[in-house]
Amino acid sequence: MLKYVYDFSEGSKDQKDLLGGKGANLAEMTNLGLPVPPGFIITTEACRAYMADGVAPADLKVQVTMALRKLEDEAGRGLGDFEDPLLVSVRSGAKFSMPGMMDTVLNIGLNDSSVEGLAKHANNERFAWDSYRRLIQMFSKTVLGIDGDEFAHALDAAKAAKGVTNDVDLDAEDLKALVETFKGIVREKTGREFPQHPREQLDLAIIAVFESWNTDRARLYRRRERISNDLGTAVNIVTMVFGNLGSTSGTGVCFTRDPSTGRTGDYGDYLPNAQGEDVVAGVRNTLSLADFDELDPKSYDDLKGIMRQLETHYRDLCDIEFTVEKGKLWMLQTRVGKRTAAAAFRIAGQLVDEDLITMDEALERVTGEQLNNLMFPQFDAKAKRTLLTKAMAASPGAAVGMAVFDSPTAQQWAAQGKEVILVRRETNPDDLGGMIAAVGVLTSRGGKTSHAAVVARGMGTTCVVGADKIEVDPVAREFRVGDRVVREGEIIAIDGSSGEVFYGEVPVVASPVVRYLEDGLDAAIAEVPEADVDQADLVRAVDRILQHADKVRRLKVNANADTPEDARRARSLGAQGIGLCRTEHMFLGDRRVMIERMILADDDASRDAALSALLPLQRDDFIGILREMDGLACTIRLIDPPLHEFLPDLTELSVKVALAKERGEENADDLKLLSAVHKMHEANPMLGLRGVRLGLTIPGLFALQMRAIAEAQAARIKDGGKPRAEIMVPLIGSVMELHLVRDEGEKIIAQVSKETGIELDIPIGCMIELPRAALTAGRIAEAADFFSFGTNDLTQTTWGFSRDDVEGAFFGEYLNNGVLTISPFETIDRGVGRLVKLAVDEGRATKPGLKIGVCGEHGGDPESIKFFDAAGLDYVSCSPFRVPVARLEAGRATILSAGSDSR
């Protein structure tokens, strides 16, 4: 019999695949001897079996019964007993943290009879009926599928009838009446009574948690976070402990360091006389841990000791949920906490200084995307601003957008290209779509551990919470701050670092991290205000970790740069060369007419004249770039796009010629040009006359470019420079194409060398961007000094996609239904990856030591960089602003690869 149920004492933190993150950590805390309520875990294997078969495994109920009886025997109480009922919570818990995305039900075991027993045993009638109404509310939404607003509205009506605003102001009689109202809602919406049998409640709740794995919001979250849909969730059955037993009870969430800034110290939220969901949901504004210390010094001291113990044990920031029941502290959950990008870098550096982790581990704990987030602009503190209020800074950043008041509007407006800020009283898991669409999130309730704060931090979205001076009216679609009314569509700005909320646009300035990357550490620190210790510490942490990445990484990082300005910026950001210099941009603007003359030329002399006019311009272009990259490799791609891109639009030119003919003003040049455009028109130009095919069919075109490169190299050497130009031939599909271009190139280089008296060493290689090139890489390597993968075109030609068409046409549907988990143009696809690996292996089998890199957009993607490192590439090349990200990820790839090998 396959074991589906584990007691907490049987697990450990290393069993997240089987027990889920929550269950594995509850087991770990139990084995550390911490005060954890007894319980057991239903494994992810049981969930996967349910998803595959549509029913729970046959022997799951038996194993649950055995575990439940053991729990009852240890507690000396039975589930739902009339006198002193044992109550349990049923909680989800996947391998990877998915805050608020799946379901939880508290107080399983309460019914019309056991609620009386609970009231008597606790000597607290209000507590018992509050617990019962919570069960009906959560169970009905989660298990029975009733709209949660039905119960929220009934609760609001009960408070309004009493003339109070807080749940805690309702007494036992109020709650008894509310329970009857809730039961009536269940009866009306389902046609049945609320389940009274405790075991039926438990079994239904377990199935509901299984099914919550595949809710729309859970799938959306996994897609965003790149979590597999096949993992499933574990289910945790935990003995209930109660924070709503009066003033000596409460519940909270805390962090061992500030997850927003990375500051040391304890941070968190506490609510007296409440259950855990109240803190996460943000339905009441919370107290600080300092307030908790004043209310209950002993429990606070116990918590402080456990926080230190857990952080030492996990060697990382810990996120902890706890409950105090009549002065007794209980630990309900711990996990390595989600944090902002700034906190990630600062905490990694702190833990190194505290000798809890090594620099290699610090590098593993930050990501390129986090570094990218730190490069976003910040609000200009010197600009004129209209402050509305200041609240809790939950997730840093500077967000400006139109205020919207519900998730569907946020998604709709964002799809139209509008930037929006989602404004809510508090968010719930159903708001995830709007939170993803929005550039920022603002709530009037909740604290740093509320749903809005936790999810926004995980996504890197700017967020401000607990803005209690704001009165949000979702029906009127507006909010008020004092006398000011802000209506939907009006512009607001939120600062997730300071908690400030502004009316109207606020200008932004470069972040200190960008100043550091471009100008160096000392210059960046000098510009940080003396009082802003957080920013100064952050810049130092980024510098320290990025330098370590540069020290350990195997992959070189080059940049894609087409102008001297781009090259200069790339070098300042740490690029070690240019992996792709596109030359087609050099034929635009005023030079377009020269291309037209070349195409319209009737004879060789006219064509040569047009090309000769372009030669000095191209040479000067290359001299400027080689000057900026002196001493570093500069890979220059010969012209790639079809020539029609340099010619007038066919329709526009046809209209122009037709109108001229009608007026009797025909122009011979226009007629000639129209004929050429017609002749060169292609149904699918991206698979037509472009790249090497263009160079082999338009006499003199590639020769012009290769001569310009050779003359530029010679000119730089003559000026005392150390240029390292490389010629790259695009769209090679056959080794003979490369042989033809190479033969011509070698003759031109030798001729320029003879003319200038300067020895020239200019490697000639090619792009691998067609499946045939990858499949015949062994032969192509015979004629190539290097390979560079053009993964954009390789992805298009492998998938049979036209990128410009498919991304808007059906990618959304493919992502929704699981055909794709991420766009193959963002992260290297496994099929394209196989072609890359095959080409690397066959190319080096022919020519050991063959230099190989990648210059497609995947060169700056963190996941793709790991693949390229493992595949044995020598370098990645990406846009200048992605260079720091690629440097960091290349270092992480080396460390992760070494760790994998050692394991």
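Here the structure is shown first, and the text comes after it.
Criteria and cut-off values
Each chain has its residues counted from 1, running along the sequence as written. pLDDT decides what is reported in this predicted model: residues at 70 or higher carry local features, side-chain atom pairs at 80 or more are listed and counted, and totals for whole chains, interfaces and linings draw on all residues regardless. Remark: hydrogens and water are excluded; side-chain values derive from all non-hydrogen atoms of the structure. Where helices and strands are cited, they refer to DSSP runs of H or I of at least four residues and of E of at least two residues respectively, numbered from the N terminus. The quantity called the radius of gyration is restricted to C-alpha atoms. Its globule counterpart is 2.2 Å times the number of residues to the power 0.38. Only protein chains enter the accessibility calculation, which uses a 1.4 Å probe; a residue whose area is less than 20% of its type maximum is buried, one above 50% is exposed, and one in between is partly exposed. When checking whether two residues touch, look at their non-hydrogen atoms; a contact exists if any pair is within 4.5 Å. For every accessible area listed, the method is Shrake-Rupley and the probe measures 1.4 Å; residues are considered covered only by the protein chains on display. Neither His nor the chain termini are counted; the positive set is Lys and Arg, and the negative set is Asp and Glu. Lysine's charge is taken at NZ, arginine's at CZ, aspartate's at CG and glutamate's at CD. Between the rings of Phe, Tyr and Trp (Trp by its six-membered ring), a pair exists once the centres lie within 6.5 Å; its type follows the angle of the planes, with under 30 degrees stacked, over 60 edge-to-face, and the other angles tilted. Only one rule defines a salt bridge in this text: a Lys or Arg side-chain nitrogen within 4 Å of an Asp or Glu carboxyl oxygen. Here, strands pair whenever DSSP counts at least two bridges between them. Between N-to-C directions, angles span 0 to 180 degrees; the directions come from axes that are lines fitted to C-alpha atoms, helices contributing only their stretch in contact. Throughout, the arc means that of the directions going from the helix axis to the C-beta atoms. Residues enter a nonpolar core if they are buried and are Ala, Val, Leu, Ile, Met, Phe, Trp, Tyr or Cys, with the set joined through side-chain atoms within 4.5 Å. Throughout this description, any angle smaller than 35 degrees is read as roughly parallel, any larger than 145 degrees as roughly antiparallel, any in the 65 to 115 degree range as roughly perpendicular, and the remainder as oblique. Basically, the charged four are Asp, Glu, Lys and Arg, the nonpolar ten are Ala, Val, Leu, Ile, Met, Phe, Trp, Tyr, Cys and Pro, and anything else, Gly included, counts as polar.

### Concerning the overall build of the protein chain
- Broken down by element type, the protein chain carries 37 helices and 31 strands.
- By the compact-globule yardstick of 29 Å for 903 residues, the protein chain fits well, its C-alpha radius of gyration being 33 Å.
- Here the C-alpha coordinates of the protein chain stretch approximately 105 × 70 × 60 Å along the principal axes.
- Among the 903 residues that make up the protein chain, the fraction classed as buried is 56%.
- Partitioning the intrachain contacts of the protein chain with sequence separation of at least 6 by distance along the chain shows that 69% fall at a separation of at least 24.
- With the model as given, the accessible surface of the protein chain reaches about 37,000 Å², and the carbon-plus-sulfur share is 49%.
- Computed over 106 positive and 139 negative side-chain charges, the inter-centroid distance for the protein chain is 2 Å.

### Some details on the packing of aromatic side chains
- Within this structure, the stated rule accounts for 16 aromatic pairs.
- With a centroid separation of 6.1 Å and an interplanar angle of 80°, the aromatic rings of F292 and Y300 are classed as edge-to-face.
- Judged by relative accessible area, F292 falls into the buried class, the value being 0%.
- Through pairs of rings, three or more aromatic residues link up here, namely W129, Y132, F139 and F194.

### Description of the environment of L617
- Relative to the elements of secondary structure, L617 occurs in helix α24 (residues 604-628).
- With relative accessibility at 26%, the residue L617 sits in the partly exposed group.
- Note: C-alpha distance between L617 and V105 (512 residues apart in sequence) is 72 Å.
- Those residues in contact with L617 that sit more than four places away from it in its chain are R591 and M594.

### Brief notes about the pattern of salt bridges
- One pass over the structure, following the stated rule, counts 67 salt bridges.
- Taking the shortest distance from any N to any O, the salt bridge between K304 and D266 comes out at 2.9 Å. On the criterion of sequence distance, the pair formed by K304 in helix α12 (residues 297-314) and D266 in strand β7 (residues 264-272) is long-range, its members being 38 residues apart.
- The partly exposed category is assigned to K304, whose relative accessible area is 35%.
- The exposure class assigned to D266 is partly exposed, which follows from its relative accessible area of 22%.
- The shortest N-O distance in the salt bridge between R568 and E628 comes to 3.0 Å. Of the two residues, R568 sits in helix α22 (residues 564-572) while E628 sits in helix α24, which places them 60 residues apart along the sequence.
- A relative accessible area of 41% places R568 in the partly exposed class.

### Brief notes about the sheet that holds strand β27 (residues 724-729)
- The eight strands are arranged β24-β25-β26-β27-β28-β29-β30-β31 in a closed barrel whose pairing can be described as parallel. On average, each strand axis in the sheet is inclined to that of its neighbour by 30°, with strand direction left out of account.
- Pairing of strand β24 (residues 556-560) with strand β25 (residues 577-582) involves two bridges; the strand directions are parallel. Within β25, the position partnered with A559 by the bridge is I578.

### Comments concerning helix α9 (residues 216-225)
- Listing the buried residues of α9 in full gives R217, A218, Y221 and R222. In an axial view of α9, the angular spread of the buried residues amounts to 135°, which keeps them on one side of the axis.
- In this structure, the buried residues of α9 make contact with α8 (198-212) and α17 (432-437).
- Following α9 by one or two positions, R226 adopts a phi angle in the positive range, close to 60°.

### A short note on the nonpolar core
- Counting 129 residues, the largest nonpolar core has F345, V729, C766, F787, F789, L873 and L888 as the members making the most contacts within it.
- Looking at this core element by element, the count peaks at 10 residues for helix α28 (residues 701-718).
- Sequence-distant contacts of V729, that is, excluding residues within four places in its chain, are made with L638, V692, F702, L738, V741, I764, G765, C766 and M767.
- Listed in part, the 56 residues of the second largest apolar core include Y50, Y132, I206 and V209.

### Some remarks on the packing of α22 against α24
- Two elements in contact, α22 and α24, have axes whose closest approach is 8 Å; the angle formed by their N-to-C orientations is 10°. In terms of orientation, α22 lies roughly parallel with respect to α24. For the pair α22 and α24, contact is made by P564, A567, R568 and R571 and by G624, I625 and E628, respectively.
- Of the residues assigned to the contact of α22 with α24, the class counts are three nonpolar, one polar and three charged.

### Here we look at unusual backbone geometry
- Positive phi values are uncommon outside glycine, yet K326 reaches one of about 50°.
- With a phi angle near 60°, R477 is a residue other than glycine that sits in the positive phi range.
- Looking at the element boundaries, R477 is found in the loop between β18 (470-473) and β19 (478-481).

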